[in-house]
Amino acid sequence: MFAATHSSMATFVEAEWRHLVMAHYRVDAALLAPFVPDGTELDDLNGSVFLSLVGFRFLRTRVLGVSVPFHRNFDEINLRLYVRRTVGGETRRGVVFIKEVVSAPGVAFAANLAYNEKYEIRRTRSRVPRRADTPPRLLTYEWKTRSGWNRLRAEAGDGPFIAAPNSREHFLTDRPWGYTAQRKGGTVEYRVQHPPWRLWRARQADVRCYAAEVYGPEFEPVLSGDVYDAVIAEGSPITISTPARIA
């Protein structure tokens, strides 16, 4: 066991994340407590705890510098929560994924093997601009379960803008770290680097989700309820480091 340091983290994935739809729910901390990895704690904003459903395009993906055929461009839809970890005097704000849905089996295999992430292979489809520099309008991500197609859709409203420090948008989008509990105990940490994103407030957010079939029955009441807040992010090139076990 060792504490991860910035210098020890080599790049594992290079890609672009584009046209992100982020639907946020304010939830009871007790719902998320079982998913918080050792060495981290739930992060809150003025006492509020959030769960987010996020859809986006993964583009130009390279793993360890290698571009894998048929696995460069794909949709991802994930359900995530927010944690923090204190290292010396530094507070590292990060995310934990409850489930990540993709249609690319190689991506799921690599991420589950390297990080013990919770990737699941399902049919996906999206209606978003295919050019990364096209401003967002109405964005839709869908993923198939036994009961039908799940949907995450939002229309861009006010924007673009860069999230102000201490704002809710900054709290939910500026997350340089990821944390994952391991099968044999302990936690790994990895770093996600990207420039600040241009954001649009969502004029409307529409979620239809058969939550029990993907995430568990405990999430059904939340994901069938109203979205608390939603934004669209333009996205950018990103890098994800190799995972490092934390003390």
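To start, this report covers the structure provided alongside it. (Residues numbered from 1 in each chain as written. Predicted model: local features only at pLDDT ≥ 70, side-chain atom pairs only at ≥ 80, totals over all residues. Heavy atoms only, no water.)

## Description of the packing of aromatic side chains
Under the defined criterion, the tally for this structure stands at nine aromatic pairs. Look at Trp 17 and Phe 58: their rings are 6.0 Å apart centre to centre, the planes differ by 80°, and that puts the pair in the edge-to-face class. Taken together, the residues Trp 17 in strand S1 (residues 11-27) and Phe 58 in strand S3 (residues 49-63) connect sequence positions 41 residues apart. Residues Trp 17 and Phe 58 agree in their burial class; the two are buried. For the pair Phe 58 and Phe 74, a centre-to-centre distance of 4.8 Å together with 25° between the ring planes defines the contact as stacked. Highlighted residues: Phe 58 in strand S3 and Phe 74 in strand S4 (residues 74-87), separated in sequence by 16 residues. Take Phe 58 and Phe 74: they sit in the same class, and that class is buried. (Phe/Tyr/Trp six-rings, centres within 6.5 Å; stacked < 30°, edge-to-face > 60°. Helix = DSSP H or I, 4+ residues; strand = E, 2+ residues; numbered from the N terminus. Buried < 20%, exposed > 50% of the residue type's maximum accessible area, 1.4 Å probe, protein only.)

## What about the environment of Phe 74?
Taking the relative accessible area as the measure of exposure, Phe 74 reaches 4% and is therefore buried. Once the C-alpha coordinates of Phe 74 and Val 102 are considered, the two residues, 28 residues apart in sequence, prove to be 7.3 Å apart. Setting aside anything within four residues of it in sequence, one finds Phe 74 in contact with Phe 56, Arg 57, Phe 58, Thr 61, Val 102, Ala 104 and Val 107. (Contact = heavy atoms within 4.5 Å.)

## A word on the layout of surface pockets
A volume near 520 Å³ is recorded for the largest pocket. Looking at the lining of the largest pocket, the elements that each hand over two or more residues are S1, S3, S4, strand S5 (90-102), helix H2 (105-115) and strand S12 (187-193). Partitioned by chemical class, the residues of the lining of the largest pocket number 22 nonpolar, six polar and five charged. Taken as a whole, the second largest pocket holds about 150 Å³ of empty space. The residue inventory of the lining of the second largest pocket, partitioned by class, reads three nonpolar, three polar and four charged. (1 Å grid on protein atoms, 1.4 Å probe; cavity = no way out; pocket = protein on both sides within 12 Å on 5 of 7 lines; lining within 4 Å. Points joined across faces, edges and corners; volume = space filled by probe spheres on them. Nonpolar A, V, L, I, M, F, W, Y, C, P; charged D, E, K, R; others polar.)

## Quick word on unusual backbone geometry
Along the chain, Gly 159 connects to Pro 160 via a cis peptide bond; the corresponding omega equals 5°. Here Pro 160 is to be found in the loop between strand S9 (148-156) and strand S10 (161-162). Unlike most non-glycine residues, His 19 shows phi in positive territory, near 50°. Considering the arrangement of structural elements, one finds His 19 in strand S1.

## Quick notes on the pairing of strand S7 (residues 124-127)
The two faces of S7 differ: Thr 124 and Ser 126 on one face are buried, but Arg 125 and Arg 127 on the other face are not. Relative to strand S8 (residues 138-145), S7 runs antiparallel, the two being bridged by four bridges. Residue pairing across strands places Arg 127 opposite Thr 140, the latter belonging to S8. (Pairing = 2+ DSSP bridges.)

## Brief notes about the environment of Trp 200
Position of Trp 200 among the secondary structure elements: in strand S13 (residues 198-208). Separated by 179 residues in sequence, Trp 200 and Val 21 have C-alpha atoms that sit 9.8 Å apart. Ignoring anything within four residues of it in the chain, the contact list for Trp 200 reads Pro 136, Ala 156, Gly 157, Asp 158, Gly 159, Pro 160, Phe 161, Val 231, Ile 232 and Glu 234.

## Focus on the nonpolar core
Grouped together as the largest cluster of nonpolar side chains are 73 residues, with contacts concentrated most on Trp 17, Leu 32, Trp 143, Tyr 215 and Phe 219. Among the elements that take part in this core, S1 stands out by supplying ten residues, more than any other. If near-sequence neighbours (up to four positions away) are discounted, Tyr 215 is found in contact with Leu 53, Ile 77, Leu 79, Lys 99, Trp 143, Cys 209 and Leu 223. (Core = buried A, V, L, I, M, F, W, Y, C linked by side-chain atoms within 4.5 Å.)

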